[in-house]
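Tertiary structure, described
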Amino acid sequence: MARISDFQVKDVVNVADGKKLGNIVDLDIDQSNGKITSIILTKPGKGLNFFSKEEEMTIYWNDIVKIGEDVILVKYRSSVDLEENQASPVKFT
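Owing to the predicted nature of the structure, the values given are computational and were not obtained by experimental measurement.

On a plain count of helices and strands, the protein comes out with two helices and six strands. Looking at the protein residue by residue over its 93 residues, the buried ones come to 22%. Sequence-distant contacts in the protein: of pairs separated by 6 or more residues, those separated by 24 or more amount to 30%. Carbon and sulfur atoms make up 50% of the accessible area of the protein, which amounts to about 7500 Å² in all.

And the structure:
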């Protein structure tokens, strides 16, 4: 059995680009069956101070690839990444 405190000390890393996405601050649990549906992360901030708000992101449980001893590997593609990587239309002449 795992505790939430075990998850909170692990780094969450995107397998698509190897970047650290953040750390787990909360879990979403389906109350009808008791299963975890997603993890909530705080993004690593730049120049955070006392008055700034940390950004949160949600990773769905199905997008978790592997939970290791020190790291959680996930498949994550933001909507910005998807827009940037769309193929341009092919023109036929």
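Now that the structure has been shown, the text picks up again.
Here we come to the pairing of strand β2 (residues 20-29). Strand direction decides the pairing type here: strand β1 (residues 11-14) and β2, joined by three bridges, are antiparallel. Pairing of D11 across the sheet is with N23, part of β2. In this antiparallel pair of consecutive strands, β1 and β2, the connection spans five residues, and G18 shows a positive phi of 75°. Across six bridges, β2 lies against strand β3 (residues 36-42) in antiparallel orientation.

To continue, consider the confidence of the model for the protein. Summing up the model confidence of the protein, the mean pLDDT is 79 and the portion of residues at 70 or higher is 71%. At the level of individual helices and strands, the protein shows its lowest average pLDDT in helix α2 (residues 79-84), which scores 44, and its highest in strand β6 (residues 71-74), which scores 95. With pLDDT under 50 throughout, residues 79-93 is counted as low confidence; its partners more than four residues away or in other chains account for two contacts.

Definitions and limits used
- Every chain is numbered independently, its residues counted from 1 as its sequence is written.
- Predicted model: local features are reported for residues with pLDDT of at least 70 only, side-chain atom pairs are reported and counted for 80 or more only, and whole-chain, interface and lining totals are derived from all residues.
- To obtain the side-chain values, all non-hydrogen atoms of the structure were used and water was disregarded.
- Only runs of H or I of at least four residues qualify as helices and only runs of E of at least two qualify as strands under DSSP, and these elements are numbered from the N terminus.
- Any residue under 20% of the maximum accessible area for its type is buried, any over 50% is exposed, and the rest in between are partly exposed; the area is computed with a 1.4 Å probe on protein chains only.
- By the convention used here, residues are in contact when the closest approach between their heavy atoms is within 4.5 Å.
- Surface accessibility follows the Shrake-Rupley procedure with a 1.4 Å probe radius. Residue values consider only the protein chains on display as shielding.
- Whether two strands pair depends on DSSP finding at least two bridges between them.
- pLDDT measures the predictor's confidence residue by residue and takes values from 0 up to 100.

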